[in-house]
Amino acid sequence: MSLVPPSAKPRILTGDTPTHPGLHLGHYVGSLENRLRLQDEYDCYFLIANVHAFTTLAEKPAEIRANTIGIVKDWLAVGLDPERSTFVLQSEIPAIAELTFLLAMLIPFNKVMRNPTLKTEIETKGLNRGGGETYPFGFPMYAVGQCADILAFRPELVPVGEDQEAHIEMCRDVALKFNQLYCGVGNRVPAEEHARAGGVFPIPRAKVGRVARLVGLDGVNKMSKSLGNAIFLYDSAKEVQKKINRITTGRQSPTEPGDAANVLMQYVEAFMPGERAADLKRRYTEGDNIGDGHIKAELGEVLNALLEPMRVRRAKLDGAEGDAMVMDVIRSGVKKANVVAEETLRLAKEGMGLGFGERKAGSPI
Ligand code: TRP
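Everything quoted here is computed from the prediction, not taken from an experiment.

A. Representation of the overall build of the protein chain within the structure. Helix and strand counts for the protein chain come out as 13 helices and five strands. Over its C-alpha atoms the protein chain spans a radius of gyration of 22 Å, differing by no more than 12% from the 21 Å that the globule rule assigns to 365 residues. Its C-alpha atoms put the protein chain at 75 × 50 × 45 Å along the principal axes. Taken across its 365 residues, the protein chain has 48% of its residues classed as buried. A sequence separation of at least 24 residues applies to 75% of the contacts in the protein chain between residues at least 6 apart.

B. How the structure looks around helix α10 (residues 263-271). In terms of residue burial, α10 counts as a mostly covered element, since seven of its nine residues are buried. As for α10, its buried residues are in contact with α1 (25-38), α9 (237-245), α11 (274-286) and α12 (292-316). In this structure N262 caps α10, since a side-chain oxygen of it lies 3.2 Å from the backbone nitrogen of L264.

C. Looking closely at the packing of aromatic side chains. According to the stated counting rule, one finds nine aromatic pairs in the structure shown. Note on F46 and W75: the rings are 6.1 Å apart at their centroids and 65 degrees apart in plane angle, and the pair reads as edge-to-face. Of this pair, F46 sits in strand β2 (residues 43-48) while W75 sits in helix α3 (residues 61-78), and the two are 29 residues apart along the sequence. The same class applies to F46 and to W75, which are both buried. For the pair F178 and Y182, a centre-to-centre distance of 4.9 Å together with 70 degrees between the ring planes defines the contact as edge-to-face. With F178 and Y182 both in helix α8 (residues 165-182) and four residues apart, the pair spans about one turn of that helix. Of the residues examined, F178 reaches a relative accessible area of 2% and is grouped as buried. Taken together, the ring pairs in this structure connect F46, W75 and F87 into an aromatic cluster.

D. Local environment of the pattern of salt bridges. Applying the stated criterion across every chain yields a total of 23 salt bridges. The partner of R282 in a salt bridge is D288, and the shortest N-O contact between them spans 3.6 Å. What emerges from the salt-bridge pattern is a single network uniting R276, D279, R282, E286, D288 and E298.

E. Main features of the pairing of strand β4 (residues 157-160). Side chains L157 and P159 project from β4 onto one buried face, and the interleaved V158 and V160 project onto a second face that is buried too. Alignment of β4 against strand β5 (residues 205-208), held across four bridges, turns out to be parallel. Among the inter-strand pairings, L157 is bridged to a residue of β5, identified as R205. Between β4 and its parallel partner β5, the chain crosses via α8, and the hand of that crossover is right-handed.

F. Examining the site of the ligand more closely. Taken together, 14 residues surround the ligand, and among them G15, T17, Q146, D149 and Q164 come closest. Measuring from a nitrogen atom of the ligand, one finds a side-chain N or O atom of Q146 at 2.9 Å. Here a nitrogen atom of the ligand and a side-chain polar atom of Q164 are 3.2 Å apart. Protein coverage of the free-state accessible area of the ligand, which is 370 Å², stands at 87%.

Calculation notes
Residues numbered from 1 in each chain as written. Predicted model: local features only at pLDDT ≥ 70, side-chain atom pairs only at ≥ 80, totals over all residues. Heavy atoms only, no water. Helix = DSSP H or I, 4+ residues; strand = E, 2+ residues; numbered from the N terminus. Rg over C-alpha atoms; globule rule 2.2 N^0.38 Å. Buried < 20%, exposed > 50% of the residue type's maximum accessible area, 1.4 Å probe, protein only. Contact = heavy atoms within 4.5 Å. Polar contact = N/O pair within 3.5 Å; in protein donor to acceptor, adjacent residues only side chain to side chain. Phe/Tyr/Trp six-rings, centres within 6.5 Å; stacked < 30°, edge-to-face > 60°. Salt bridge = Lys/Arg side-chain N within 4 Å of Asp/Glu carboxyl O. Pairing = 2+ DSSP bridges. Right-handed = clockwise from strand over helix to strand, strands pointing away. Near = heavy atom within 4 Å. Areas by Shrake-Rupley, 256 points an atom, 1.4 Å probe, with all protein chains shown as cover.

What follows is the structure in structure tokens.
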């Protein structure tokens, strides 16, 4: 059987878990912006990790389903383009589940339990009450599943937020081990040479966004839906301005020297054009007659100019017609994704001595 014709472009895989109903500015600067930029240069696969959503929402399948459709709409509105990129629905890619099982054999159990991303999640989501009794076996397993999500598509690059780096590290480790054990790649072959040296898996690299960690409106925690400190991509213009206006800096007057690291100035830095941001920052720290109110108004305008086209596109996707479009996008994405993922699984099984004959790709939904 021949391989899928290699695309002229290297591949990207990244994804979102549909545990929340909407994307916010943290997602935008952390990863979406990179995805938008890389759509032309790379063959992109964007995964909706709907099986992973069951690790914390198993009792709310209807919510997961609604969030799944919502995420696809959000992606479309942001400008991710299903004509150029492939949208992948995790639950319809059987090779990912099989690969999860196989890769699990090569990842030490203790390493999963020490994974800093998992540990942070256990803390922030309050999953440690009752000494682990409150989360299912599937929760730590999702870290292994994420290795499979990625490796099924044999990508070179994984655009993610900083919080996901531990997962990518684990994914690199298991890919290295697999290639060494089952593909005869020598221990001294550097990661970037693995594919050329006969490894099934290129060793993927994380690509963290321009702003690795966007602070929330509270000025303390990372922007997050569950902490109630987020500006959503589809908040109304009025809502955005209202949220900005509520930021507190403790500054009293336009001539009081301000703290350039406070939440307001972090947003200025993240969203205003470079020169304007530098000018405001200088005047702010010097107390050079610049009021918080003025900065808030200007920031609100810049944010709304960024978000308005997305809001308009997102509004058009509301309702049944939008739902039908989402189903079309999912169907064609699943079809394409299964071809690649089945090929990876076949290569992996052959490497492991499990190649007992060919089977058909999972039939598309
Ligand atoms: N765990 C990721 C998050 O919560 C989502 C995700 C699932 C993902 N599978 C992936 C990201 C594969 C990158 C690659 O944001």
